[in-house]
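# Geometric and topological summary
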Amino acid sequence: MSSIKQVLSKDMVGKKVQLRGWIYRTRSSGGIVFAVLRDATGIIQVTVKKGNVPDHDFEDAAKAAIESSVMIEGEVAEDKRAPGGFEVRASRFTVVGFSEPFPITEYQSTELLLDQRHLWIRSREQNAVAKVKAALLKGARDWFHENDYVEVTPPIVTAVAPEDSTTLFQIKYFDRIAYLSQSAQFYLESLIFSLEKVYSLTPSFRAEKSRTPRHLAEYWHMEMEAAWMDNEGNMEVQEQLVTAMLQNAVKECPMELQLLKRDPATLRKIEPPFERMKYQEAMDYLQSKGQDVRWGSDLGAIEERTITVDKQLPVFIVNYPKELKPFYMKENPEDPRTYKNSDLLAPEGYGEIIGGSERETDNARMIAWLEEKGENMDNYKWYLDLRKYGSVPHSGFGLGIERIVTWVCKLDHIRDAIPYPRTVARVYP
RNA sequence: GCCGUCGUAGCUCAGUCGGUAGAGCGUCCGCCUGUUAAGCGGAAGGUCAACGGUUCGAAACCGUUCGACGGCGCCA
């Protein structure tokens, strides 16, 4: 048994091969059937001529609709009439499972593709995105491993949130209420006191009723936390990690990237250092572009797009005003109005992919902030404990996997960066 | 939460001034031994999202509801 990728080669011409897969396109012309076969690795045309296969095989080949699963035997030939330049001339054509008329045809609406997601994920685009995503994840894991980070497994069911601002999914947990995690950060912070450098890859959940091309209710969150690290070190980790992810995707998936209309060369050029733009500089730049912003304005979709649309490399926005960010960030001694934090924006207008900071180590400051917000201090007791027993400077960040996939794969919408997107309107299929 | 658009055949859509339903693709049948979204001939296929109103008459006009999509906010 061969894969289609193996067969698409001059070395294979004249060889007898066996393939199995699904019918991607089919046309018949009386005594000849042209069936384009798809497997996990690619597509190739199979020609089935009456007389060259058993009559029963020919009848089945003529009858089999798109997405029927088949096994074939035949000889590889180079033929410029065939899409892709190669074809297999069948001597056997066995239908394993006939397909009913496939619901997804040449004209497709967004709604249909979402309703038929379990079938649409067979598409070549979705196949390519899945492979690029896997390559990005492998690049990240390899980088962390080479740099002595320990992968840890924080809980998903939690009693409380790390941030007050976002909405949590509530679940019934035996005889009380619990929440689905929106960040592993607090748990990672607790683990650095023995492991020093940790990371995790978990689903995170946000119950906001977001309706944008950048938000999912359930997404894959890669988070890192390191002891003895300041925010400059934190940004260096981010730029190295993102570069390692991209380089691995370029290495493992050049064909997939091209199918997605992403030129691998533009990704290959991305390497540290990334530009660092202070929040104040971002405000000045946006004002020079005629946008009505001032100190204290948050960077929304339009602002992020304005900053990154002409950029080739990601850009850090550093030192946000405190009022725009959560309480656990470390005050910036050079400008106490701001935090030692950064957001990393992807180029070409894609926007935020990472948010990170050095963490506050002064419990008095955090308690004051929490009290001012009227938070229940019991929920934070264990977190505040971490500063009581040998506290150290430390930093970390969270990276949205589907956000980086959206950018790398040049997608219009984040829902295509995950097989089964969960949004306010979609939990099925 | 806010602003906007849309809902007609399995799919993508057209339907003018309110006069009772159309096309392409797909499906089924027939023809075709080199197709590239194949071609040719024929057939089947409709609760015009739902409910209410206006009217002699509503897919169309008005109202309500439901659903979907596009964007903003929130964030990764």
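Residues numbered from 1 in each chain as written. Chains lettered and ligands numbered in written order. Predicted model: local features only at pLDDT ≥ 70, side-chain atom pairs only at ≥ 80, totals over all residues. Heavy atoms only, no water.

## Thoughts on the domain arrangement of chain A
What the domain assignment lists for chain A is domain 1 (4-97) and domain 2 (117-417). In this structure, domain 1 and domain 2 have C-alpha centres spaced 46 Å apart. The interface of domain 1 with domain 2 comprises seven residues on the first partner and four residues on the second. Here domain 1 and domain 2 share an interface that buries about 470 Å² over both sides, 42% of which is from carbon and sulfur atoms. Interface area lost by domain 1 to domain 2 is led by R38, A40 and I43, which between them contribute 53%. In this assembly, domain 1 and domain 2 are joined by one salt bridge. The shortest N-O distance in the salt bridge between R122 and E67 comes to 2.8 Å. Taken together, the residues of the side of domain 1 that touches domain 2 break down into four nonpolar, one polar and two charged. (Domains from an automatic or database assignment. Contact = heavy atoms within 4.5 Å. Buried area = accessible area lost by both parts, 1.4 Å probe. Salt bridge = Lys/Arg side-chain N within 4 Å of Asp/Glu carboxyl O. Nonpolar A, V, L, I, M, F, W, Y, C, P; charged D, E, K, R; others polar.)

## Here's the deal with the packing of helix α5 (residues 124-146) against helix α14 (residues 401-408)
Relative orientation of the contacting elements α5 and α14 amounts to 120°, with a least axis distance of 10 Å. It follows from the interaxial angle that α5 and α14 lie oblique. Relative to α14, α5 is oriented so that their crossing is right-handed. Across the interface between the two elements, V129, V132, K133, L136 and L137 of α5 pack against I401, E402, I404, V405 and V408 of α14. (Axes fitted to C-alpha atoms, helices over the stretch in contact; angles between N-to-C directions. Helix = DSSP H or I, 4+ residues; strand = E, 2+ residues; numbered from the N terminus. Parallel < 35°, antiparallel > 145°, perpendicular 65-115°, else oblique. Left-handed = near helix turned anticlockwise from the far one by under 90°.)

## Topic: the pairing of strand β9 (residues 176-180)
Taken together, the two bridges between strand β7 (residues 157-158) and β9 define a ladder with antiparallel strand orientation. The residue of β9 that forms the bridge with T158 is Y179. Alignment of strand β8 (residues 170-173) against β9, held across four bridges, turns out to be antiparallel. Looking at the pairing, Q170 lines up with Y179 of β9. Taking the residues that link successive antiparallel strands as the turn, the β8-β9 hairpin has two residues, and the phi of F174 there is positive, at about 50°. (Pairing = 2+ DSSP bridges.)

## Let's talk about the sheet that holds β8
Here we have three strands laid out as an open sheet, ordered β7-β9-β8, and antiparallel in their pairing. Sheet topology places β7 and β8 at the edges, where each strand pairs with a single neighbour.

## Overview of helix α10 (residues 279-288)
Buried within α10 are the following residues: Y279, A282, M283 and L286. For α10, the angular spread of buried residues about the axis comes to 100°, placing them on one side. Contacts made by the buried residues of α10 are with β12 (275-278), α11 (301-308) and β13 (315-318). Looking at the residues trailing α10, positive phi occurs at G290, about 85°. (Buried < 20%, exposed > 50% of the residue type's maximum accessible area, 1.4 Å probe, protein only. Arc of directions from axis to C-beta.)

## Brief notes about the protein's contact with RNA strand B
Contacts to RNA strand B come from 57 residues, most closely from S109, R206, H215, R403 and R415. Backbone atoms, meaning sugar and phosphate, form 46% of the atoms of RNA strand B found within 4 Å of the protein. K49 is positioned with one of its side-chain polar atoms (N or O) 3.5 Å from a base nitrogen of RNA strand B. A distance of 3.2 Å separates a sugar or linking oxygen of RNA strand B from a polar atom in the backbone of I354. (Near = heavy atom within 4 Å. Polar contact = N/O pair within 3.5 Å; in protein donor to acceptor, adjacent residues only side chain to side chain.)

## Structural notes on a nonpolar patch on the surface
On the surface, M1, M71 and V96 cluster together into a nonpolar patch covering about 280 Å² of accessible area. Take V96: it is sitting in strand β5 (residues 86-97). Using a relative accessible area of 56% as the deciding quantity, one classes V96 as exposed. (Patch = residues over 30% accessible without salt bridge, like charges linked within 9 Å, V, L, I, M, F, W, Y side chains within 5 Å. Areas by Shrake-Rupley, 256 points an atom, 1.4 Å probe, with all protein chains shown as cover.)

## Focus on the pattern of salt bridges
Per the stated rule, a full pass over the model turns up 29 salt bridges. D57 serves as the salt-bridge partner of R92, at 2.7 Å between the closest nitrogen and oxygen. You can see R92 sitting in strand β5 and its partner D57 sitting in helix α2 (residues 55-63), a full 35 residues away along the chain. Owing to a relative accessible area of 35%, R92 belongs among the partly exposed residues under this scheme. Residues E256 and K131 are paired through a salt bridge, measuring 3.7 Å at the closest nitrogen-oxygen approach. Of the two residues, E256 is situated in helix α8 (residues 254-259) and K131 in helix α5; the sequence distance between them amounts to 125 residues. Overlapping salt bridges bring together K322, E331, E360, D362 and R365 as one network.

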